[in-house]
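Each chain, letter by letter, is given below.
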Amino acid sequence: MLRASFRGTFTNQRLVSLRKASSLSAARERQAPIDVHPEVEDALATGKPVVALESTIITHGMPYPTSLEMAQSVERIVRSTGSIPATIAVIGGRIKIGLHPAELERLADQRSNPTAVKLSRRDIAAAIALKKDGGTTSCSTLIFAALAGIKVFATGGLGGVHRGGENTMDVSADLHELTRCPVGLVSAGVKSVLDIRRTLEYLETLGVPVVSYAETHDFPAFYSGRSGLESPWRVNDPRTAAHILHTHWQLGMSNGAIFAVPIPAEYEAVGLTIQEAVEQAVRESEEQNISNLGKAVTPWLLNRVGELTQGKSLASNIALVENTALVGGQIAAEYAKLAG
Ligand code: PSU
Ligand code: MN
């Protein structure tokens, strides 16, 4: 009886948006330290498209001030598609879903704030309790996006199985997180510092849908649009991509999916040069036992590739992140139409 009258007072659409907000409201009831930017809050409440953006790329992935310019630029690009950007981070021990300009600056400027930590799932509670600043990896961005009810997340490079991972067991927590969070992750594929073949195998084991957002099935390899390995699926328009996500969750599946977008074609040639630097960086990392560095392995490799290419890899990195932000914004806009 109560149920019938409750339903009668809400439209279907309101019910859907209430459902979306539920894990966030539950966390708030538990007084979890979460601040949602008012613009993001409004978008989530009214069913407008929102795109989550990560922040380890800002704190550990690029040097300042390029990191800040990139972060501002991807937010602008998301806006150009009609979606609202929500850069996610931890500031002073509080989770931020959407950053104010001064917060973004504080996070990016590692000269005045060199203590921002890299946050994977295992680091979140400690970083919050100790009132740290932190950049969220794909893993922890997925967690907070899911908590807030954000359905699309755009990033550059997803973590994966490291080369030699069969011995070191260095497999990014990003992969497993995709089994827990119902979020569509848009990335430029997986970087060739990683073992792309094993990464794809492991994603299959985990049951994570992998879709190339391209003209061919080739799974993109970050600096290059092609890895020579195939994705099981491909689409090349935002509506079909959104339809895949919508169908996946209509069926009650609670995991995420990957859309892998190749770097713009004009960066393909320089990608070949960068590939040589990648091979050298991986060789050096083996000689210097870098695999013992734990979560510092990925930042070390990124930084070394940057040094060896004299910044060319950085320019490519920016271009591919901007491209995934564009596609992510478009997919989120289409998804919002389907979800109503
Ligand atoms: N690849 C990049 N830039 C990055 C990262 C990966 O080209 O900034 C970051 C992302 O935040 C990714 C994380 O989620 O590194 C993976 O780290 P690890 O391999 O330690 O899981
Ligand atoms: Mn690792």
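Source: prediction; values computed, not measured.

Chemist: Explanation requested: the overall build of the chain in the structure shown.
Modeler: For the chain, the helix and strand inventory stands at 15 helices and eleven strands. Taken against the 2.2 N^0.38 rule, which gives 20 Å for 340 residues, the C-alpha radius of gyration of the chain at 19 Å falls within 12% of a compact globule. Across its three principal axes, the chain shows a C-alpha extent of roughly 70 × 45 × 40 Å. Taking the contacts inside the chain whose residues are at least 6 apart along the sequence as the reference set, 75% of them involve residues at least 24 apart.

Chemist: Just checking my understanding: could you explain unusual backbone geometry for this structure?
Modeler: Cis geometry marks the peptide bond from Tyr64 to Pro65, where omega comes out at 5°. As for its placement among the helices and strands, Pro65 is situated in the loop between helix 4 (56-61) and helix 5 (66-80). Residues other than glycine seldom take positive phi values, yet Gln31 does so here, at roughly 60°. One can find Gln31 in the loop between helix 2 (12-29) and strand 1 (34-36). Although it is not a glycine, Lys131 adopts a positive phi angle of roughly 60°. Within the secondary structure, Lys131 sits in the loop between helix 7 (124-129) and strand 6 (134-136).

Chemist: Looking at this structure, how should I read the packing of helix 12 (residues 238-250) against helix 15 (residues 312-339)?
Modeler: Between two packed helices, both the angle of their axes relative to each other and the distance between the axes serve to describe the pair. One way to put it is that helix 12 packs onto helix 15 with a least axis distance of 8 Å and a crossing angle of 55°. Taken together, the axes of helix 12 and helix 15 lie oblique to each other. Between helix 12 and helix 15 lies a crossing whose hand is right-handed. Where helix 12 approaches helix 15, its residues Pro238, Arg239, Ala241, Ala242, His243, Leu245 and His246 are matched on the opposing element by Val327, Gln330, Ile331, Glu334, Tyr335, Leu338 and Ala339. Each residue belonging to the contact of helix 12 with helix 15 can be placed in one class, and the counts come to nine nonpolar, three polar and two charged.

Chemist: I keep staring at the site of ligand 1 and nothing clicks. Help me out?
Modeler: Around ligand 1 lies a shell of 17 residues, among which Gly61, Ser138, Gly157, Gly159 and Ser172 are the nearest. Elements with a minimum of two residues in the shell around ligand 1: helix 4, helix 8 (138-148), helix 10 (173-177) and helix 14 (297-308). Sorting elements by how many residues they give to the shell around ligand 1 places helix 4 first, with three residues. A class-by-class count of the residues in the shell around ligand 1 yields four nonpolar, nine polar and four charged.

Chemist: So what exactly am I meant to see when it comes to the packing of helix 13 (residues 268-287) against helix 15 here?
Modeler: The contact between helix 13 and helix 15 brings their axes to 10 Å, and the two run at 120°. Judged by the angle between their axes, helix 13 and helix 15 are oblique. Taken as a pair, helix 13 and helix 15 cross one another with a handedness that is left-handed. Residues Val270, Gly271, Thr273, Ile274 and Ala277 of helix 13 form the contact with helix 15, whose participating residues are Lys312, Ser313 and Ser316. Here the residues of the contact of helix 13 with helix 15 are counted per class, giving three nonpolar, four polar and one charged.

Rules of the game
- Residues numbered from 1 in each chain as written.
- Chains lettered and ligands numbered in written order.
- Predicted model: local features only at pLDDT ≥ 70, side-chain atom pairs only at ≥ 80, totals over all residues.
- Helix = DSSP H or I, 4+ residues; strand = E, 2+ residues; numbered from the N terminus.
- Rg over C-alpha atoms; globule rule 2.2 N^0.38 Å.
- Contact = placed C-beta atoms within 7 Å.
- Axes fitted to C-alpha atoms, helices over the stretch in contact; angles between N-to-C directions.
- Parallel < 35°, antiparallel > 145°, perpendicular 65-115°, else oblique.
- Left-handed = near helix turned anticlockwise from the far one by under 90°.
- Nonpolar A, V, L, I, M, F, W, Y, C, P; charged D, E, K, R; others polar.
- Near = placed C-beta within 6 Å.

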